[in-house]
Amino acid sequence: MEDKILKTINSFETIETLEIARLLNVDHQKIIGFIKSLESFTKFINVQPMSCKNITLTPEGLEIAQNGSYEAILYNSIPLNGISQKDLMENVKNYKIGFSKAMSFGWIKLDKSNEPTIYRQVDSIVDQVQQWLLKIKDSIVEDIPSNLKHEFKRRKLITENLVKSYRVSKGLEFKLKIDKEITDLSPEMIEGDLWKDVTFKKYNFKALGVSPSSGHFHPLMKVKTQFRQIFLEMGFSEMATNNYIESSFWNFDALFQPQNHPARDEHDTFFLSDPKNCLDIPLEYLKKVKKIHTHGGFGSLGYQYDWKTEEAQKNILRTHTTAASTRILYKLAQDNFKPCKYFSIDKVYRNENLDATHLAEFHQIEGIIADYDLSLGHLMGVLKEFYKKLGLTKLRFKPTYNPYTEPSMEIYSYHDGLNKWVEIGNSGIFRPEMLLPMGLPTNISVIAWGLSLERPTMILYGISNIRELVGHKVNLQMVYESPICFFK
Ligand code: PHE
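Residues numbered from 1 in each chain as written. Predicted model: local features only at pLDDT ≥ 70, side-chain atom pairs only at ≥ 80, totals over all residues. Heavy atoms only, no water.

As a further point, take the overall build of the chain. Of regular secondary structure, the chain possesses 20 helices and 17 strands. Here the C-alpha coordinates of the chain stretch approximately 145 × 75 × 45 Å along the principal axes. Taking all contacts inside the chain whose residues are at least 6 apart in sequence as the whole, residues at least 24 apart take part in 69%. Accessible surface for the chain amounts to roughly 28,700 Å². Of this, 52% is attributable to carbon and sulfur atoms. Of the charged side chains in the chain, 61 are positive and 59 negative; the average position of the first set lies 3 Å away from that of the second. (Helix = DSSP H or I, 4+ residues; strand = E, 2+ residues; numbered from the N terminus. Contact = heavy atoms within 4.5 Å. Areas by Shrake-Rupley, 256 points an atom, 1.4 Å probe, with all protein chains shown as cover. Lys, Arg positive; Asp, Glu negative; His and termini not counted. Charge placed at Lys NZ, Arg CZ, Asp CG, Glu CD.)

Right, dumping it as structure tokens:
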């Protein structure tokens, strides 16, 4: 087939695909497909798109081409001495059309003087309709006189369709055989001489390639990885944060957060109904925490109120990962304290009013350093180093209040895009009222800080509504296409 097409192209100066299809008696679309593939070889053939109207006979048109037009059939059915109109009407099919056409051509006449009789008016006729339809049938004509074409269309003898075709001529590199281009060099080719004779397919460096199917990290997970990397570079170890349900004791009381603190009521914290209470709080430690809240100690006056075990036992969804830090500090105090640095990045829950920047669950990033005689200077130094690794160098600290840190500082960074100072974290030195009841040595300080994961992620990825980042409205395409990281 390929050979035949190439030979046909070879023997004409230019040829149309329709003509090739007719000569080879092959479906035109197949020829076009082949011509298209030839086009991809450089200078092999020249191709020019064309369109023409293709006329075909309808079944009725085909019948007329075979048997003659109704008017001719009618004419031929009239004997030389005429025939009564009634007889003709009964014996000739399509009498009505045949009669009116034959009359209008002047082929016949009707004599109504007695019984209506029809006579031939001329000695012979030429059935032009049949002749034209035969020519169309054999595709001999391209141009039929337009009045005839119009008439044939009106009589529904032909249909006309637009056909797209191509005019083809030989190119400079035309050959009667196509060399198959080799895409893979095989060991056999190199062993012999075959590689010398074959044509290699050119590399298409612009081909996009198939992108491997894979999972996609959510932007939060990408930024989380980045933060984890920074902590690890700075020598921190990761804390276990696998307890989303926490007792009020570890979340609040152990942090010296008074039981009447507004953050502890139902408007801010989710309480569990089942199991409602935590029953495995270490008793000795609980007593010490109770004492520091009620009477103070270690030079502190405490809060001087009636601290209740039942309040401390209430199970909640943890409101901050500082609960995990508290647990690990308590553990350190029990197992011969050694200086250490820990971090965590995990979810916390708050009974918030939901809006464009707040959800009831979000991630906190938290770092703690426990060592001898740490000061505020250490805290500021570590924070500067930490944020520098994130690309944030313009920092400001603003005094604030946390029940468990003193002093406490909010951290602000100048946002070049927003052209203003934005709060990026909270920090402080844990209070002696928190650390000493655990049994940590008195000259130990713990510096700590925490920030949200969602906030820097939204800034980095240019997302202004948190619902586009988390929840059922998240556009998965955003997840698939979001950059792995950003270079500063
Ligand atoms: N736990 C604090 C918060 O929820 C963050 C913080 C952690 C502050 C450690 C000081 C020290 O925002």
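From this point on, the discussion continues.
What follows covers the pattern of salt bridges. Under the counting rule described, the total for this entry stands at 23 salt bridges. Measuring nitrogen to oxygen at the nearest pair gives 3.2 Å for the salt bridge that ties lysine 177 to aspartate 3. Here aspartate 3 lies in helix α1 (residues 2-10) and lysine 177 lies in the loop between β6 (158-170) and β7 (181-182), a separation of 174 residues in the sequence. Overall, lysine 177 belongs to the exposed group, its relative accessible area being 53%. (Salt bridge = Lys/Arg side-chain N within 4 Å of Asp/Glu carboxyl O. Buried < 20%, exposed > 50% of the residue type's maximum accessible area, 1.4 Å probe, protein only.)

Let us look at the sheet that holds strand β13 (residues 361-372). Spatially, seven strands are ordered β9-β12-β13-β17-β16-β15-β14 in an open sheet, and the strand pairing comes out mixed. Strand pairing shows two members of the sheet lacking a second neighbour, β9 (237-238) and β14 (395-402), which therefore form its edges. Where β9 lies against strand β12 (residues 340-349), two bridges are found, and the strand directions are parallel. Counted as the bridge partner of glutamate 238 is phenylalanine 343 from β12. Packed onto the sheet, helix α16 (residues 322-334) meets β12, β13, β16 (420-430) and β17 (444-452) and runs at close to 30° relative to β13. (Pairing = 2+ DSSP bridges. Axes fitted to C-alpha atoms, helices over the stretch in contact; angles between N-to-C directions.)

Among all positions of α1, only Ile5, Leu6, Thr8 and Ile9 are buried. One side of α1 holds all its buried residues, which, seen down the axis, span an arc of 160°. Turned more than 90 degrees away from the buried face of α1, the exposed residues are Lys4 and Lys7. Taken together, the buried residues of α1 touch β1 (14-16), α2 (17-24), α3 (28-39) and β6. (Arc of directions from axis to C-beta.)

This part is about the site of the ligand. In the vicinity of the ligand lie 13 residues, with His320, Thr322, Arg350, Gln364 and Tyr404 positioned nearest. In the environment of the ligand, a nitrogen atom lies 2.8 Å from a nitrogen or oxygen atom belonging to the side chain of threonine 322. Bound to the protein, the ligand loses 90% of the 330 Å² it would expose on its own. Listed by contribution, the elements that provide at least two residues to the shell around the ligand are β13, β16 and β17. Residue composition of the shell around the ligand, grouped by class: three nonpolar, eight polar and two charged. (Near = heavy atom within 4 Å. Polar contact = N/O pair within 3.5 Å; in protein donor to acceptor, adjacent residues only side chain to side chain. Nonpolar A, V, L, I, M, F, W, Y, C, P; charged D, E, K, R; others polar.)

Bringing empty space enclosed by the protein into the picture now. By the definition in use, this model includes one cavity of 30 Å³ or more. The computed volume of the largest cavity comes to approximately 30 Å³. Taken together, Lys222, Val223, Gln226, Leu460, Tyr461, Ile484, Cys485 and Phe486 form the lining of the largest cavity. Only α12 (219-233) and α19 (454-461) provide two or more residues apiece to the lining of the largest cavity. In terms of residues, the lining of the largest cavity owes the most to one element, α12, which gives three residues. A per-class count over the lining of the largest cavity returns six nonpolar, one polar and one charged. (1 Å grid on protein atoms, 1.4 Å probe; cavity = no way out; pocket = protein on both sides within 12 Å on 5 of 7 lines; lining within 4 Å. Points joined across faces, edges and corners; volume = space filled by probe spheres on them.)

Here we come to the packing of aromatic side chains. Inspection of the entire model under this criterion finds 24 aromatic pairs. An angle of 5° between the planes, with centres 4.7 Å apart, marks the rings of phenylalanine 231 and phenylalanine 343 as stacked. Of this pair, phenylalanine 231 sits in helix α12 while phenylalanine 343 is found in strand β12, placing the two residues 112 residues apart along the sequence. Taken together, a centroid distance of 5.6 Å and an interplanar angle of 65° make the contact between phenylalanine 386 and tryptophan 449 edge-to-face. With a gap of 63 residues between them, phenylalanine 386 in helix α17 (residues 376-389) and tryptophan 449 in strand β17 connect regions that are remote in the sequence. Judged by relative accessible area, tryptophan 449 falls into the buried class, the value being 2%. An aromatic cluster is built from Phe227, Phe231, Phe236, Phe343, Phe386, Tyr387 and Trp449, whose rings are joined through pairwise contacts. Taking the ring centre of tryptophan 132 as reference, the NZ or CZ of lysine 135 above it sits at 4.4 Å. (Phe/Tyr/Trp six-rings, centres within 6.5 Å; stacked < 30°, edge-to-face > 60°. Lys NZ or Arg CZ within 6 Å of the ring centre and 35° of its normal.)

Of all residues in the chain, 99% have pLDDT values of 70 or greater, and the mean over the chain is 91. Mean pLDDT in the chain bottoms out at β7, which sits at 80, and peaks at helix α13 (residues 248-251), which reaches 98. (pLDDT = per-residue confidence, 0-100.)

The next point concerns the side chain of serine 413. By secondary structure assignment, the location of serine 413 is in strand β15 (residues 405-415). For serine 413, a relative accessible area of 3% translates into the label buried.

With that out of the way, let us pick up the packing of α12 against α19. To describe two helices that pack against each other, one gives the angle between their axes and the distance between the axes. At a minimum axis separation of 10 Å, α12 and α19 run at an interaxial angle of 110°. With respect to their mutual orientation, α12 and α19 come out roughly perpendicular. In this structure, α12 crosses over α19, and the sense of that crossing is right-handed. Between α12, through Pro219, Leu220, Lys222, Val223, Gln226 and Phe227, and α19, the contact on the second element is made entirely by Glu454, Pro456, Thr457, Leu460 and Tyr461. Partitioned by chemical class, the residues of the contact of α12 with α19 number seven nonpolar, two polar and two charged. (Parallel < 35°, antiparallel > 145°, perpendicular 65-115°, else oblique. Left-handed = near helix turned anticlockwise from the far one by under 90°.)

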